[in-house]
Amino acid sequence: MPGLLRGVARTAVVAGTATAVSNRVSRRQAGRWAQQDYEQQQPAAQPSAAPPAAPAADDDMSARMDQLKQLGELKAQGILTEEEFAEQKRRILG
């Protein structure tokens, strides 16, 4: 039974990481499209302003922190070993 729980926990962590990465890519791509639309609407004589990058960085950091908290809880419950915890943490912090 512990092996099954460990497998389920590992799958949940990997799925959460994949979701966070996918969301980050989607936000980045949407930001690029919005910037392109903005530049096309502005006259060519005016220099375009850079989009603010802080909110995306904050969202990404909070998602990483949530994942790390989940990992810590799984490790504290004995579902993840120290090695598995270190590997998943390395992937999240990338």
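Quick look at the structure, then. By convention here, each chain's residues receive numbers from 1 onward along its written sequence. Selection of residues for local features in this predicted model requires a pLDDT of at least 70, selection of side-chain atom pairs for listing and counting requires 80 or more, and totals for whole chains, interfaces and linings are taken over all residues. Hydrogens are left out, water is left out, and the side-chain values use all remaining heavy atoms of the structure.

**Brief notes about the overall build of the chain**
Okay, so step 1: Here a strand is any run of E in DSSP of at least two residues, a helix any run of H or I of at least four, and the numbering for each starts at the N terminus. A tally of helices and strands in the chain yields three helices and zero strands.
Okay, so step 2: Its helices and strands in sequence order give the chain the pattern α-α-α, from N to C terminus.
Okay, so step 3: Type-normalised accessible area, obtained with a 1.4 Å probe on protein chains alone, sets the label of each residue: buried when under 20%, exposed when over 50%, and partly exposed for intermediate values. By the burial criterion, 16% of the 94 residues in the chain qualify as buried.
Okay, so step 4: Taking the intrachain contacts of the chain between residues at least 6 apart in sequence as the baseline, contacts between residues at least 24 apart amount to 64%. Should any heavy atoms of two residues lie within 4.5 Å, those residues are considered in contact.

**Regarding helix H3 (residues 82-93)**
Okay, so step 1: Between its first and last C-alpha, H3 extends 16 Å over 12 residues, near the 16 Å set by a 1.5 Å rise per residue.
Okay, so step 2: Among all positions of H3, only Glu-84, Phe-85, Gln-88 and Ile-92 are buried. The arc that holds every buried residue of H3, seen down its axis, measures 100 degrees, which confines them to one face. The exposed residues of H3 that point more than 90 degrees off its buried face are Glu-83 and Arg-90.
Okay, so step 3: Positive phi appears at Gly-94, one or two residues downstream of H3, with a value of about 45 degrees. A helix is expected to reach a length of 1.5 Å times the quantity of its residues less one. What the arc measures is the spread of directions leading from the helix axis to the C-beta atoms.

**Quick look at empty space enclosed by the protein**
Okay, so step 1: Think of a 1 Å grid over just the protein atoms. A cavity is a set of points where a 1.4 Å probe fits yet cannot get out, a pocket is an open set with protein on both sides within 12 Å along at least five of seven lines, and lining residues have an atom within 4 Å of a point. Grid points are joined across faces, edges and corners, and a volume is the space filled by probe spheres set on the points. All told, the structure shown has one cavity of 30 Å³ or more when counted by the stated rule.
Okay, so step 2: Lining the largest cavity are Val-13, Gly-16, Thr-17, Gln-67, Gln-70 and Leu-71.
Okay, so step 3: Secondary-structure elements contributing two or more residues to the lining of the largest cavity are helix H1 (2-41) and helix H2 (54-76).
Okay, so step 4: Amino acids outside the nonpolar list (Ala, Val, Leu, Ile, Met, Phe, Trp, Tyr, Cys, Pro) and the charged list (Asp, Glu, Lys, Arg) are all regarded as polar, and Gly is one of them. Residue composition of the lining of the largest cavity, by class: two nonpolar, four polar and no charged.

On their own, these measurements won't tell you what the molecule is for.
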